[in-house]
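Spelled out from the first residue to the last, the chains are:
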Amino acid sequence: MGLLKKIEKKLESAVEGLFAKGFKSKVEPVELGKKLALAMINNKVVALKKVWAPNEFDITLSVADEAQYESYKKELLHELADFLVQEAMAEGLSMMGRPKLNFKSSEKLAKGRFEIEVRMSEELEKEISKTTDGATQLIPLAEIEAKLTKHYVQVEPSMLQYDLKIGKTLLGRSATNDITIADPALSRHHFEINVQGNEAVLRDLDTTNGTRINSKDVKSVVLKDKDVIEAGSSRLVYRRGDA
């Protein structure tokens, strides 16, 4: 079972009781969990000693969806916080205590839509900005990424280009992926590309139709410039170059 499927299974099990009670929101807890994890990873702060995860999260729902969550907030927020702690550990991120999550609502959001905001608590900002030991120094993540090799994929035949971020990028037909392709032959979550430094590793997420690199079936492979990725009926080309 792939990591993403394990994550989905854990979250689905954690909130199984909610659906048994007649939970009708269009925003599924599993989708919230995945987007929270992505927001946490994308907003990490790199220091010389540690890589810190943000520890405060606001989840803004439509008024209708927020009302559906009202009876289940405490239980669900607890499970989502546990999930974020596990994801931070898996990604090698330091976190100050348990993350604080909060539900909000906005009349500007349509039902089924949501927004996530992340930030560092004041206590965490003070902790990571300490320089008394002469060793801790904040380095903006954008500054680090600018010095690294650029990774991206091009979708054929349209040649639509998607930049790959540092960390994991998920691709499949589900709208919850980082890259969504409307291909019925793709799995909901088909493969991920994990970029670390100048290396990009593609991993098939235990899909039925599999993933091929240069016409060869693969489960996990380090990508090379101009490798052709075939998944479902889709064809993409992995490219790398100077940022």
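Structure: above.
Residues numbered from 1 in each chain as written. Predicted model: local features only at pLDDT ≥ 70, side-chain atom pairs only at ≥ 80, totals over all residues. Heavy atoms only, no water.

Asker: Would you mind going over the packing of aromatic side chains in detail, with residue names and values included?
Answerer: The full count for this structure, using the stated rule, is one aromatic pair. It is Lys-150 that lies over the ring of Tyr-152; its NZ or CZ is 5.3 Å from the centre. (Phe/Tyr/Trp six-rings, centres within 6.5 Å; stacked < 30°, edge-to-face > 60°. Lys NZ or Arg CZ within 6 Å of the ring centre and 35° of its normal.)

Asker: Describe in detail the sheet that holds strand S13 (residues 211-213), supporting the description with residues and values.
Answerer: If you walk across this open sheet you meet the six strands as S8-S7-S17-S16-S13-S14, and the pairing is antiparallel. Of all strands in the sheet, those bounded by a partner on one side alone are strand S8 (160-163) and strand S14 (216-218). When strand polarity is set aside, the average angle formed by the axes of neighbouring strands in this sheet is 30 degrees. Here four bridges tie strand S16 (residues 228-231) to strand S17 (residues 234-241), and the two strands are oriented antiparallel to one another. In the strand pairing of S17, Ile-229 is matched with Leu-236. (Pairing = 2+ DSSP bridges. Helix = DSSP H or I, 4+ residues; strand = E, 2+ residues; numbered from the N terminus. Axes fitted to C-alpha atoms, helices over the stretch in contact; angles between N-to-C directions.)

Asker: Give me the nonpolar core: which residues, what numbers.
Answerer: Counting 23 residues, the largest nonpolar core has Met-40, Ile-59, Leu-101 and Phe-103 as the members making the most contacts within it. Mapped by element, the contributors of at least two residues to this core are helix H3 (29-42), strand S3 (56-62), helix H5 (73-90) and strand S4 (100-106). No other element matches H5, which puts seven residues into this core. Once residues within four sequence positions are removed from consideration, Leu-101 is found in contact with Leu-36, Phe-57, Ile-59, Leu-77, Leu-80, Ala-81 and Leu-84. Grouped together as the second largest cluster of nonpolar side chains are 20 residues, Ile-166, Val-195, Val-218 and Ala-231 included. (Core = buried A, V, L, I, M, F, W, Y, C linked by side-chain atoms within 4.5 Å. Buried < 20%, exposed > 50% of the residue type's maximum accessible area, 1.4 Å probe, protein only. Contact = heavy atoms within 4.5 Å.)

Asker: Provide a residue-level description of the environment of Asp-204, including the pertinent values.
Answerer: Relative to the helices and strands, Asp-204 resides in strand S12 (residues 199-204). A sequence separation of 15 residues divides Asp-204 from Lys-219, and the C-alpha atoms of the two residues are 5.0 Å apart. Reaching out from Asp-204, the side chain makes a polar contact with the backbone nitrogen of Asp-206 at a distance of 3.1 Å. Within the local environment of Asp-204, its side chain forms a polar contact with the side chain of Thr-207, the two groups lying 2.6 Å apart. (Polar contact = N/O pair within 3.5 Å; in protein donor to acceptor, adjacent residues only side chain to side chain.)

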